Amino acid sequence: MKDILSTIMNEQVNSVESIQKLWGGYGQMCRFQTSDKSYVAKVIEFPQKQEGISHLRKVKSYEVETNWYQKYNNEVQNAYSPKLIKTGQIEQKQYLVLEDLANKSFIPKTEVSEAEVSLCLKWLAFFHAFYMNETPADLWEIGTYWHLETRPDELQAIDDLRLKEAAPLVDKRLNQAHFKTFVHGDAKLANFLFSTERVAAVDFQYVGGGAGIKDVAYFLSSIYDSEQLAQNEKSCLNQYFSLLKEALSMYKPNINFKSVEHEYRELYLYAWCDFYRFLKGWSPDHWKVHSYSEQITQRVLSEIIK
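First things first, this report covers the structure right here in the doc. (Residues numbered from 1 in each chain as written. Predicted model: local features only at pLDDT ≥ 70, side-chain atom pairs only at ≥ 80, totals over all residues. Heavy atoms only, no water.)

## Here we look at the sheet that holds strand β2 (residues 27-33)
Here's step 1: One open sheet accounts for five strands, arranged β1-β2-β3-β5-β4; its pairing is antiparallel. Here the strands that pair on one side only, and so sit at the sheet edges, are β1 (15-21) and β4 (84-90). Each strand of the sheet is rotated relative to its neighbour by a mean of 20°, with strand direction disregarded.
Here's step 2: Sheet topology places β4 next to strand β5 (residues 93-99); six bridges connect them, and they run antiparallel. (Pairing = 2+ DSSP bridges. Helix = DSSP H or I, 4+ residues; strand = E, 2+ residues; numbered from the N terminus. Axes fitted to C-alpha atoms, helices over the stretch in contact; angles between N-to-C directions.)

Spelled out as structure tokens, the structure:
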């Protein structure tokens, strides 16, 4: 790996530290050091003889991430993401070389305070405001890694017939949102890095179009259990909408915030139901399949299946 990175950077790489393997054995993330600076590289190597919808989804996700960094990765206030240094292909491997966020004192966390939750909600609000009503050309037309079109196997595996019947209706309701933006698409705690007063987000493989509230529901699912979700839902949503109002006034002042809020508060339930549908087909015993997500799903099903 050191020789490959030296060739990519056209200078000597002194050390390489593995950060993590990429999902499904598709390569690795690593941190490497040149004579005067450290960088992070995502090196993608597609396994031989892979085929099927899961493989094609992963292949497209890396294309999308490259397009994101090359074409869209803007400097958004309160919504930092790493800068692209280089991208290309070498020895049958694709690569992205990014700035090392550790150089800006961003670090990962497995547990967060209320203040840090607020910083993540601010990141999402400003990101959504900046890209509101933009067209996601060369990204996922519908962002998020669990959206229905790319998950037919998981849908088929669901044994709840009402949920299976409702899945396309829930998907349609979300996709017909009037106020679409770019969603990060995998906005879990593990993809946020924290400094003293701000956060940065990484992993843009599933960025694309959609209602921003999908990111909010998914983020909350990654930090709270069922009881905590019930306790914190109202305050977190109020924070997000307060921040979204501020961000829209800065970036898209012609958009009616109250209309966005009204639509997104309704779609919050559908976003949860949509994610629950994925979980029930992918991993029905997952810890996120709990009373909170089940109760919300039943509320949605009672609305759309008479």
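## Quick word on unusual backbone geometry
Here's step 1: Notably, Glu91 is not glycine yet its phi reads approximately 50°, a positive angle.
Here's step 2: Structurally, Glu91 is set in the loop between β4 and β5.
Here's step 3: Taking the relative accessible area as the measure of exposure, Glu91 reaches 54% and is therefore exposed.
Here's step 4: Of note in this structure, Asn133 is not a glycine but carries a positive phi near 70°.
Here's step 5: Relative to the assigned elements, Asn133 resides in the loop between α3 (114-130) and α4 (152-157). (Buried < 20%, exposed > 50% of the residue type's maximum accessible area, 1.4 Å probe, protein only.)

## Describing the packing of aromatic side chains
Here's step 1: Inspection of the entire model under this criterion finds 31 aromatic pairs.
Here's step 2: Between Tyr26 and Phe46, the aromatic rings sit 5.9 Å apart at their centres with planes inclined by 75°, giving edge-to-face as the arrangement. Taken together, the residues span a long stretch of sequence, with Tyr26 in the loop between β1 and β2 and Phe46 in the loop between β3 (38-44) and α2 (53-72) at a distance of 20 residues.
Here's step 3: Seen in terms of ring centroids, Tyr240 and Phe241 are 5.2 Å apart; in terms of plane orientation they differ by 70°. Their pairing is edge-to-face.
Here's step 4: For Tyr240, a relative accessible area of 0% gives the class buried.
Here's step 5: Judged by its relative accessible area of 2%, Phe241 is buried.
Here's step 6: In textbook terms, an aromatic cluster arises when at least three aromatic residues are bridged by ring pairs, as seen for Trp68, Tyr69, Tyr72, Trp123, Phe127, Phe130, Tyr131, Phe182, Phe192, Phe204, Phe219 and Tyr251.
Here's step 7: The ring of Tyr270 has Arg173 sitting right over it, with the charged end atom 5.5 Å from the ring centre.
Here's step 8: Cation over ring: Arg198 sits above Tyr80, and NZ or CZ is 5.1 Å from the ring centre. (Phe/Tyr/Trp six-rings, centres within 6.5 Å; stacked < 30°, edge-to-face > 60°. Lys NZ or Arg CZ within 6 Å of the ring centre and 35° of its normal.)

## With respect to the sheet that holds strand β6 (residues 107-108)
Here's step 1: Strands sit in the order β6-β8-β9 across an open sheet of three strands; the sheet is antiparallel. Of all the strands in the sheet, the pair left with one neighbour each is β6 and β9 (199-201).
Here's step 2: Relative to β9, strand β8 (residues 192-194) is paired through three bridges, and the arrangement is antiparallel. Paired with Phe192 across the two strands is Ala201, which belongs to β9.

## Quick notes on the packing of α3 against helix α7 (residues 226-251)
Here's step 1: For the pair α3 and α7, interaxial distance at closest approach is 8 Å and the crossing angle is 40°. Here α3 is positioned oblique relative to α7, judged by the angle of their axes. Judged by the twist between their axes, the crossing of α3 over α7 is right-handed. For the pair formed by α3 and α7, the contact residues are Val117, Ser118, Leu121, Lys122, Leu124, Ala125, Phe126, His128, Ala129 and Phe130 on the first element and Cys236, Gln239, Tyr240, Leu243, Leu244, Glu246, Ala247, Leu248, Met250 and Tyr251 on the second.
Here's step 2: Of the residues belonging to the contact of α3 with α7, the class tally is 15 nonpolar, three polar and two charged. (Parallel < 35°, antiparallel > 145°, perpendicular 65-115°, else oblique. Left-handed = near helix turned anticlockwise from the far one by under 90°. Contact = heavy atoms within 4.5 Å. Nonpolar A, V, L, I, M, F, W, Y, C, P; charged D, E, K, R; others polar.)

## Topic: the layout of surface pockets
Here's step 1: For the largest pocket, the calculated volume is near 1,200 Å³.
Here's step 2: Every element with two or more residues in the lining of the largest pocket is listed here: β1, β2, β3, α2, β5, α4, α6 (213-223) and α8 (257-282).
Here's step 3: Broken down by element, the residue count for the lining of the largest pocket peaks at eight residues, all from α2.
Here's step 4: The residue inventory of the lining of the largest pocket, partitioned by class, reads 27 nonpolar, eight polar and 15 charged. (1 Å grid on protein atoms, 1.4 Å probe; cavity = no way out; pocket = protein on both sides within 12 Å on 5 of 7 lines; lining within 4 Å. Points joined across faces, edges and corners; volume = space filled by probe spheres on them.)

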